[in-house]
Amino acid sequence: VQYFTPVAVPRSGGTRVRLRTSNLVGTSFMCLFKPFAIVDAEFSSSADTVSCVFPESAHAAELPPHMVLEITTDGDHFSDDAVELNVYSVARIQCAHGPSAGGHSTTLHGAGFIDETTGLLLPALNRKVRFGHDPVPYVPSDGTTSTLSIVTPPGTAGDRVPVEVTFIGNDPQCQNGVVPGC
């Protein structure tokens, strides 16, 4: 595995993880989210990528903050170069209402925003918080793994806006905007 994106996924599941690889042999692959689940993967020989969707779970709250992600062709033999995937969650938004002009300070509460072993915001490269399609700057609000402080962008009065935390990681295609959805 040369790189992968995103480097962190929400506990709720449903996020597609792309792994850039080399020297893969075969056409049928699976991803093991260890110790959680094994799922079918899609392989693109032209892009040398394997992609799989981090599955949903009825026990999402019990998932560890880090998982090992490995590739296999048969479910028995796995890649030698496993990667570590971080797992985070957004539990609630403090002050979920604000002026349509934006500029309102609020806090996202969740888990897994900071790497507990290093104390650094996860990950240091290409992290985003979005309100709708608008990226917004943020900082850890209390130095813990559970909160991010943000300032809301302008919006339309009365609209509900989805809030998303993403962690792109070190995929150069995502950093350059080449791959949609990164």
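## As for the packing of aromatic side chains
One pass over the full model with this rule turns up two aromatic pairs. Residues F33 and F54 carry aromatic rings whose centres are separated by 5.1 Å and whose planes lie at 80° to one another, so their mutual orientation is edge-to-face. Of this pair, F33 sits in strand β4 (residues 29-34) while F54 sits in the loop between β6 (49-53) and β7 (66-72), and the two are 21 residues apart along the sequence. Taken individually, F33 and F54 each receive the classification buried, so the pair is uniform in this respect.

## Things to note about the confidence of the model for the chain
In the predicted model, the chain carries a mean pLDDT of 75, and the fraction of residues at 70 or more is 78%. Within the chain, the lowest mean pLDDT, 47, falls on helix α1 (residues 172-175), and the highest, 90, falls on β6. Contacts for the low-pLDDT stretch residues 170-182, under 50 throughout, to residues beyond four places or in other chains number 26 contacts.

## What about the state of the cysteines?
Inspection of every chain in the model, using the stated rule, returns one disulfide. Between the sulfur of C31 and that of C52 lies a disulfide, 2.2 Å long from S to S. Here the disulfide of C31 and C52 is left-handed, its torsion about the S-S bond being about -95°. In this pair, C31 sits in strand β4 while C52 sits in strand β6, placing the two residues 21 residues apart along the sequence. C52 shares its class with C31; the two are buried.

## A few points about the side chain of T72
Relative to the helices and strands, T72 resides in strand β7. A distance of 2.6 Å separates a polar side-chain atom of T72 from the backbone oxygen of H77. When near neighbours in sequence (up to four residues on either side) are disregarded, T72 contacts S28, F29, M30, I38, H77 and F78.

How each quantity is defined
Residues numbered from 1 in each chain as written. Predicted model: local features only at pLDDT ≥ 70, side-chain atom pairs only at ≥ 80, totals over all residues. Heavy atoms only, no water. Phe/Tyr/Trp six-rings, centres within 6.5 Å; stacked < 30°, edge-to-face > 60°. Helix = DSSP H or I, 4+ residues; strand = E, 2+ residues; numbered from the N terminus. Buried < 20%, exposed > 50% of the residue type's maximum accessible area, 1.4 Å probe, protein only. pLDDT = per-residue confidence, 0-100. Contact = heavy atoms within 4.5 Å. Disulfide = S-S within 2.5 Å. Polar contact = N/O pair within 3.5 Å; in protein donor to acceptor, adjacent residues only side chain to side chain.

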